[in-house]
Every structure is written in structure tokens, then in C-alpha cells.
Protein chains: 2
Amino acid sequence: MTVFSTHYSPLHHFTTHYSPPHRMVVTIIGIGLIGGSLALSLKEAGLAHHIIGVDRSPEHQRQAVALGLIDEPETDLAAAVRRADLVVVAVPMDAMLTVLPQVLDAATDRQVVIDVGSTKAALLARVDQHPQRDRFVAVHPMAGTEYSGPLAAVPGLFRGKTLVVCDAARSANDALARVEAVFGRLAMQLVYMDAAAHDLHTAYISHISHITSFALALTVLEKEKEEQQIFALASGGFESTVRLAKSSPDMWVPIFRQNRVNVLDVLDEHIHQLQYLRHLLAQEDYSALHQQIQQANLIKKMLK
Amino acid sequence: MTVFSTHYSPLHHFTTHYSPPHRMVVTIIGIGLIGGSLALSLKEAGLAHHIIGVDRSPEHQRQAVALGLIDEPETDLAAAVRRADLVVVAVPMDAMLTVLPQVLDAATDRQVVIDVGSTKAALLARVDQHPQRDRFVAVHPMAGTEYSGPLAAVPGLFRGKTLVVCDAARSANDALARVEAVFGRLAMQLVYMDAAAHDLHTAYISHISHITSFALALTVLEKEKEEQQIFALASGGFESTVRLAKSSPDMWVPIFRQNRVNVLDVLDEHIHQLQYLRHLLAQEDYSALHQQIQQANLIKKMLK
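Parameters at a glance
Residues numbered from 1 in each chain as written. Chains lettered and ligands numbered in written order. Predicted model: local features only at pLDDT ≥ 70, side-chain atom pairs only at ≥ 80, totals over all residues. Contact = placed C-beta atoms within 7 Å. Helix = DSSP H or I, 4+ residues; strand = E, 2+ residues; numbered from the N terminus. Nonpolar A, V, L, I, M, F, W, Y, C, P; charged D, E, K, R; others polar. Pairing = 2+ DSSP bridges. Axes fitted to C-alpha atoms, helices over the stretch in contact; angles between N-to-C directions. Least-squares fit on C-alpha atoms with pLDDT ≥ 70 in both. Expected span 1.5 Å × (residues − 1). Buried ≥ 20, exposed ≤ 12 C-beta atoms within 10 Å, placed from the backbone. Parallel < 35°, antiparallel > 145°, perpendicular 65-115°, else oblique. Left-handed = near helix turned anticlockwise from the far one by under 90°.

Considerations on the interface of chain A and chain B
Alright, step 1. If you look at the interface, chain A gives 85 residues, while chain B gives 85 residues.
Alright, step 2. By residue number, the principal contributor to the side of chain A that touches chain B is helix α7 (residues 195–223) of chain A, which donates 20 residues.
Alright, step 3. In terms of residue class, the side of chain A that touches chain B is built from 46 nonpolar, 24 polar and 15 charged.

Dropping the structure here:
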């Protein structure tokens, strides 16, 4: 595994010169927070001429049409793929392992297929030997909210954010170039790494945040029964740390499952840090506690 | 201890009729995030005619004048207290234990004195027998940011937020009425409870959030050395959960120290919850993990 093989592909440097495909037909499979928001962004940037939406939930299909996220609902997956220039697979990670191979089964050399999934190693292993593997580009937009479904779609979600492109060398040059052009036009910063590095780093900067937030919510719910009272006291700090605890288990359990080894490793380190802070407080070693908090303050350098 | 003795004082109901003291002289001791923001709010509401600022840091004094937070810097604490209608003590909780008695030593029956501290039991015990105890009203505005010092002061910080008033029966009626009128005019919602209940509940909805955030920052800093890379990947979720880790140890170590028993209790529960989630993931019990996350989702009801 490359520990952190970030590098900018030479292609990245001429995305402003490379003409992105205008007026594409785009098929989005899974029209939730990410799929729906991407639909809005592609339309706003003038990149999508017609958007076909596929979702196993008829209710989500209806909402996606009503909200103007998609132009046309479709239930035939293969037909929806074959009519598209760009296919976006934006389903939860458990469904992703089944749906992405089906999409590649239907794809020809005319389509470019992307996923937008939060874990990569298991998914890329699943399609590693697929004959159409080179039509697929694995990407992960580092953007989202704690909400889900078509109603959670928001414009401008991706602007200025990072897009991780995984194992780019496994994609055909024209497929990679199209993806780079599209997301460059959405004002995303592209970062390249292999799937193993991606899964390790997202465990640290995304997955663990969700677990701590779920655990914090459970802690408070366990001890505090008079909810209305807490509601009155909760200030911005509390809301900030438990915001992610509103996130859907349907989305997050498959992520934790597919990134289980990394998540357990980070979780062990996090529990260790909490136990050390607890030890310092129990021992009334306030000087060492002060030092630990000063050390934690260094996180400032890493945030925008 | 009253477990949660929230009630609205009868006085609260006629704060709109009670005429708040206009054009008060206000002395603020400690002109940081809270003291400075309160200065801005009191001026904006037309409640403060003249603001005297006391801060042990000459640099903070200068900044407070330059930023227009105070009208007059003062170094003589007793003189600053005696000239005021309202005295606000907004220093870190360790200094608070020394400064508040000094302020009450200087206070006459003409002054109303408030603290804005994050812990109450130790402080109220400290001044319990003070002859001027009834000039003091213990309040805690549930508002703040992760920044500190005069430069962190922001207008409108308190609007719509909750003000906890502790052990209100220990304050003189006129002192309590003045405090209720002032914070009512700042559009705060007043909640009443005893000091023990306050310290228990703030451990849950404020102090533990800071500890988890510090621990999360330490976790990431421990494992991730290539900071620039993390910076690129960090999305809104991560920033949200580690935001509080920027908070100053000078402010937070004294809070943890004074609320040590409650914080240890909550921390034990939080570590237990994390260990249980870890156990479910390690055992691959995804059904139970799903249930736990659904349970955590109930936190939605408690947030605005």
C-alpha cells in the first residue's frame, strides 16, 4: 500500500484547456443527498443536458422529478446506462457492491461510470476483473451533510471541496479525462491515491467522527431523560459535535462494515486518548491535561 | 440536589413590563469572548451608557478599547466595581474563585454582580457566606465559540440562546429583577436551576463535547503526520466534530477541574458507549450496530 500517494495527475493541469463534454446525458443511480446534489451541480454548470434517474424507491423517484433533480425516471437499469454519457452510481455501500457490476455489465466503451462511495478497497476488488473495468473511475467527493434522500439534495455542495480519485491508472485515459474535466468544472480539487490509502485516511477524517458523534448522542440519551430540558441548554458546541449523529444507519453501517479493520484501529486509538484524558483528570494532573489540550489545539493548522 | 429544578420565576413573566435600567454604567472584568460579546450586546440594546473594562492583560485592555468593546480601561478593581450599576465577572473559572469574592468585597447595595461561568457549585460555595452574597446573581449564558480573547467578541452572540440562572433564591429581589430585565432585553430565554443540577447537565451537553473533540484531534494528530494531506481530505463532518478542539486550555482545564466528578462520570459513560460500538463492529453484529445508530438518531428531537 502506498501510505499516501497523493499526486496531481498531469491531466489535472490541462483540465481548463480540455473541453468538458457539454450537454451530456447523465444517468444517476440512487438519487439521494449525493446523487441529487450532483444532479443539481451538473445542471447548473451546463454539463448535463438530460438527467435520467434510477432509484429503487418509487417515492424517491417521484420526489426527484418533483424537485427537478432529474428529467426522467427510469426503472430499467441497463437501458438507463446505455443511453448515458456519464453514469453516476450513488447508492449505499452495501448496494454498491451489487449495482456497480450490473452497471458495468451494461456499459459500452461510450460510457464513463463513476461511483461516489465512501469506501473503496472492497468495491475495487469486486470489479477488478470486470471486462469493462477501464470505463470505471472511482471517486469520492469529500462533501455531504447529515441528511439523506432526495429532499436532502442541495446546490453548490461540491464547490471548493476535494474529490479523491482512486487507482486512476486502472481507468481508460479518455474516461479519466472526462471525469477530471467534469469535476474541475464543478470547482473541485482533485487528489489521487490508491484505494487502501483512501480507506485508511477516511477512517481518520470521516468515519471516526461519525462513530464519536453516535456514541456522544447515546451517552446523553442514556443519562438524560428530560429531553426538553437538554434542548434548552444545548448550545452550538454540543450541536456541532452531535450533528453527525443524525446520519442514517442505512448509509453508515455498510461503510463501517467495508472499512472495518481501519475503523477498529482508529477507534482503539480514540478510546485510548479518551482514557488517557480521563486518567489525567482522575489523577488531578492538570499540568499534563493542559499540555494535552495544547497539543489538540494543533488541529487548527489542519482546518480551513 | 434537585435533579432538574427548571422553573420560570414569576418575575420572568413581567420582564416586558419591568423597565430595564437604561444607560447603566457596566464594569466588565475579563474582556474576552464572553465579556467582550456581552459588551457589544449591552451597547447595541441601549442598556449600557458607559462600559469600564478590567483585564489583567494590558494587551487585551488595548484591544478592547481599539475594538470599541469598552469605553474606559481601568486597573483598580474596587474603583471599577463601585462606579458600576452592573458588574460582569467573565474570567476563567480558576481566576473566578479569587476575583468574584474581591468584587463582592467592593460591592455596595447599589451594584448587581453577575458571573458568566461554566461551572457553579464550587463558585457558589466560595461566596456562600459573603455578606454581599445577595448582590450576586449566578448566570451562565449557553453561548460561545471555540475562540477566546477580545478579538473573538462577536455581536448578537446571545440572541435566542438560553441563560441559566442558578440558586436564584439566594439573590436579592431587585438584583434578580435587574438581571432578568437585562437578559430579557438581549432576547435570551431564562431557565432556573440549582448549582448542582447546572453542573451535572453542562457536563453532558457542553463539557463532554469538548473532551471528545480534544481526544479526536489527538487521535488524528497521533496517526496522521502529513498534515497537508489531511487538510485536503477533511470535510464538513470532521471540521464539525473537531471544531471545539481549538478551544483554549486556559479556559477549559479549570472547568474540568471544578466539575471533575460529573465530567468523569459522563466520560465513563461515553467510553462505555464507544467500547460497545467497537464490540459490535469487531463481532460483526451489524444488526445491533444498526439499532444503536437508530437510537443515536433520536438526538434529532433534542436539537433545534
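Resuming the write-up.
Digging into the sheet that holds strand β3 (residues 72–73) of chain B
Residue and element names in this part refer to chain B.
Alright, step 1. Spatial strand order, β3-β2-β1-β4-β5-β6-β7-β8: 8 strands in an open sheet with mixed pairing. The open sheet is flanked by β3 and β8 (189–193), the only strands paired with a single partner.
Alright, step 2. In terms of strand pairing, strand β5 (residues 112–115) meets strand β6 (residues 136–141) through 3 bridges, oriented parallel. Bridge assignment links Val 113 to a residue of β6, and that residue is Phe 136.
Alright, step 3. Packed on one face of the sheet, helix α4 (residues 93–106) meets β1 (24–29), β4 (86–89), β5 and β6 and runs near 165° to β4.
Alright, step 4. Its contacts with the sheet place helix α7 (residues 195–223) against β6, β7 (162–166) and β8, and it is angled at close to 140° to β7.

Remarks on the relation of the copies chain A and chain B
Here the two chain copies are tied together by a rotation about an axis and a shift along that axis.
Alright, step 1. It takes a turn of 180° to lay chain A on chain B, together with a shift of 0.0 Å along the axis; the resulting RMSD is 0.0 Å. Taken together, the rotation angle and the small translation identify this as a two-fold axis. In terms of C-alpha distance to the rotation axis, chain A has Thr241(A) as its closest residue, with the C-alpha 2.3 Å off the axis.
Alright, step 2. Here 100% of the contact residues of chain A are again contact residues in chain B; the copies associate through an equivalent surface.

Quick word on helix α11 (residues 260–282) of chain A
Alright, step 1. Here α11(A) spans 32 Å end to end across 23 residues, near enough to the 33 Å set by a 1.5 Å rise per residue.
Alright, step 2. Every buried residue of α11(A) is listed here: Asn262(A), Val263(A), Val266(A), Leu267(A), His270(A), Ile271(A), Gln273(A), Leu274(A), Leu277(A), Leu280(A) and Leu281(A).
Alright, step 3. Here the buried face of α11(A) lies against α7, α10 (249–258) and α12 (286–297) of chain A together with α7, α10 (249–258) and α11 (260–282) of chain B.
Alright, step 4. Positioned one or two residues after α11(A), Glu284(A) has a phi angle of 55°, which is positive.

Some thoughts on the packing of α11(A) against α12(A)
Residue and element names in this part refer to chain A.
Alright, step 1. Where α11 meets α12, the axes come as close as 8 Å, and the angle between the chain directions of the two elements is 150°. Put simply, α11 runs roughly antiparallel to α12. Handedness of the crossing formed by α11 with α12: left-handed. Contact residues: Leu 277, Leu 280 and Leu 281 in α11; Ala 288, Leu 289 and Gln 292 in α12.
Alright, step 2. Taken together, the residues of the contact of α11 with α12 break down into 5 nonpolar, 1 polar and no charged.

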